[in-house]
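What follows is each chain in one-letter form.
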Amino acid sequence: MIRRARELLEWLRPQAPAEAFPAVLSIAEQALDAAEVALAPDYDVPSVVVDTREQRPFAPFIWQKGKREYLTPERLCLEEGDYSSPLLLDHVRIERKSIPDLYGSLFGTSVDALGESAPNQERLRAEFLRLSKYPRAYFVIEGLPRDLYEYIVQSNRRVDPTAAIQLVESMGFDYGPRESEDGKFLPGVVLRWNRNREAAEWFVGHILSRAYTQATNATEAKKSRKRGLSLPWAKQ
């Protein structure tokens, strides 16, 4: 109904007098925006599972009717990723990286239990590969490409910042949606840059709340199936 109302407004735009219609259009569009917010379904807010190794954990949240609702944290050792939710452990995993973390994962080295050093980049690629087995996996970065660029320049690192950004994007491409060797579709890992930490916290909260609502709310699960979506976590 709202979509059809917007289409009607667009049809009327060239028909109406130029001096009168802009004001009418503005009021009508504001009303439709308010109606969309009012009719938007509430999400069921889940608890968020946080990996025990996270030293500065996110505080994921969602917006409900203009207010923040925070997900209740639970600590658990996760073999893959940093965040999930109790009902979604087999379906959704989210890995978080700050800009310094990301740089260290790309160009640092680590020493294993045998005292042998290995490039962190190999570990990062292995991490992408493990995450890609989940129906929904996200690699969430606390920053934008320009933030990585500025971090490298300001830190006087001997690394080409544009090459670093391209390397991250290449991993997102390599481990994104693809076909396996036996011909099966793999959803892969979604690479997500965020303008700041708060935006990343909202994204994590939104993803988990969306999936959790589909997993527990039969009406929302039915809507997903009607849209042609095959979601293994959706309530039957």
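Residues numbered from 1 in each chain as written. Predicted model: local features only at pLDDT ≥ 70, side-chain atom pairs only at ≥ 80, totals over all residues. Heavy atoms only, no water.

Undergrad: Hey, could you run me through the overall build of the protein in this one?
TA: For the protein, the helix and strand inventory stands at eight helices and 12 strands. Here the protein holds 236 residues, and 39% of them are scored as buried. In the protein, the share of contacts with a sequence separation of at least 24, taken over all contacts with a separation of at least 6, comes to 64%. A total of about 14100 Å² of accessible surface is found on the protein, and carbon and sulfur atoms cover 53% of it. (Helix = DSSP H or I, 4+ residues; strand = E, 2+ residues; numbered from the N terminus. Buried < 20%, exposed > 50% of the residue type's maximum accessible area, 1.4 Å probe, protein only. Contact = heavy atoms within 4.5 Å. Areas by Shrake-Rupley, 256 points an atom, 1.4 Å probe, with all protein chains shown as cover.)

Undergrad: Explanation requested: the pairing of strand β6 (residues 92–98) in the structure shown.
TA: Where a strand is regular, its side chains alternate between the two sheet faces. Most of β6 is tucked away: seven of the seven residues are buried. The alternating pattern of β6 places Val-92, Ile-94, Arg-96 and Ser-98 on one face and Arg-93, Glu-95 and Lys-97 on the opposite face, and all of these are buried. Pairing analysis gives seven bridges linking β6 to strand β9 (residues 136–142), with the strands arranged parallel. Counted as the bridge partner of Ile-94 is Tyr-138 from β9. (Pairing = 2+ DSSP bridges.)

Undergrad: How should unusual backbone geometry be read in this particular structure?
TA: Across residues other than glycine, the phi torsion is negative in most instances, and most of the peptide bonds are trans. Phi at Lys-65 is positive, roughly 55°, even though this residue is not glycine. With respect to the secondary-structure elements, Lys-65 resides in the loop between β2 (61–64) and β3 (67–70). Residue classification places Lys-65 among the partly exposed positions, given a relative accessible area of 46%.

Undergrad: Could you clarify how one ought to interpret the pattern of salt bridges in this entry?
TA: Where charged atoms from two side chains of opposite charge come close, those side chains can pair. This model, assessed by the stated rule, comprises 12 salt bridges. As a salt-bridge pair, Glu-80 and Lys-133 come within 3.9 Å of each other at their nearest N and O atoms. Placement of the pair is Glu-80 in the loop between β4 (72–76) and β5 (83–84) and Lys-133 in the loop between α4 (120–131) and β9, with a sequence separation of 53 residues. Looking at Glu-80, the relative accessible area reads 9%, which means it is buried. Look at Lys-133 and you get exposed, because its relative accessible area is 56%. A salt bridge links Glu-220 to Arg-210; the shortest N-O distance between them is 4.0 Å. Of this pair, Glu-220 sits in helix α8 (residues 218–226) while Arg-210 sits in helix α7 (residues 197–216); the two residues are 10 residues apart in sequence, bridging distant segments of the chain. (Salt bridge = Lys/Arg side-chain N within 4 Å of Asp/Glu carboxyl O.)

Undergrad: Just to check I follow, could you spell out the layout of surface pockets for this structure?
TA: Empty space left among the atoms is revealed by rolling a probe the size of a water molecule over them. Roughly 640 Å³ of internal volume is contained in the largest pocket. Along its surface, the largest pocket is lined by 22 residues, and Asp-82, Glu-95, Lys-97, Arg-123 and Glu-127 are the ones closest to its centre. Here the lining of the largest pocket takes five residues from α4, the largest share from any one element. (1 Å grid on protein atoms, 1.4 Å probe; cavity = no way out; pocket = protein on both sides within 12 Å on 5 of 7 lines; lining within 4 Å. Points joined across faces, edges and corners; volume = space filled by probe spheres on them.)

Undergrad: Where do I start with the packing of aromatic side chains in this structure?
TA: For any pair of aromatic rings, the description rests on two quantities: the centre-to-centre distance and the angle between the ring planes. Tallied over the full model, the rule gives eight aromatic pairs. Taken together, a centroid distance of 5.1 Å and an interplanar angle of 45° make the contact between Tyr-103 and Phe-107 tilted. Of this pair, Tyr-103 and Phe-107 both sit in helix α3 (residues 99–107), separated by four residues, roughly a single helical turn. What makes Tyr-103 buried here is its relative accessible area of 11%. Here Phe-107 falls in the partly exposed class, since its relative accessible area comes to 32%. Here Phe-128 and Phe-139 contribute two aromatic rings whose centre-to-centre distance is 4.6 Å and whose plane-to-plane angle is 25°, an arrangement assigned as stacked. A residue pair is termed long-range when its members are at least 10 positions apart, and Phe-128 in helix α4 and Phe-139 in strand β9 qualify at 11 residues. Here Phe-128 matches Phe-139 in class, with each residue buried. One Lys or Arg, Arg-96, reaches over the ring of Phe-58 and ends 5.7 Å from the middle of that ring. (Phe/Tyr/Trp six-rings, centres within 6.5 Å; stacked < 30°, edge-to-face > 60°. Lys NZ or Arg CZ within 6 Å of the ring centre and 35° of its normal.)

That is the geometry; function is a separate question.
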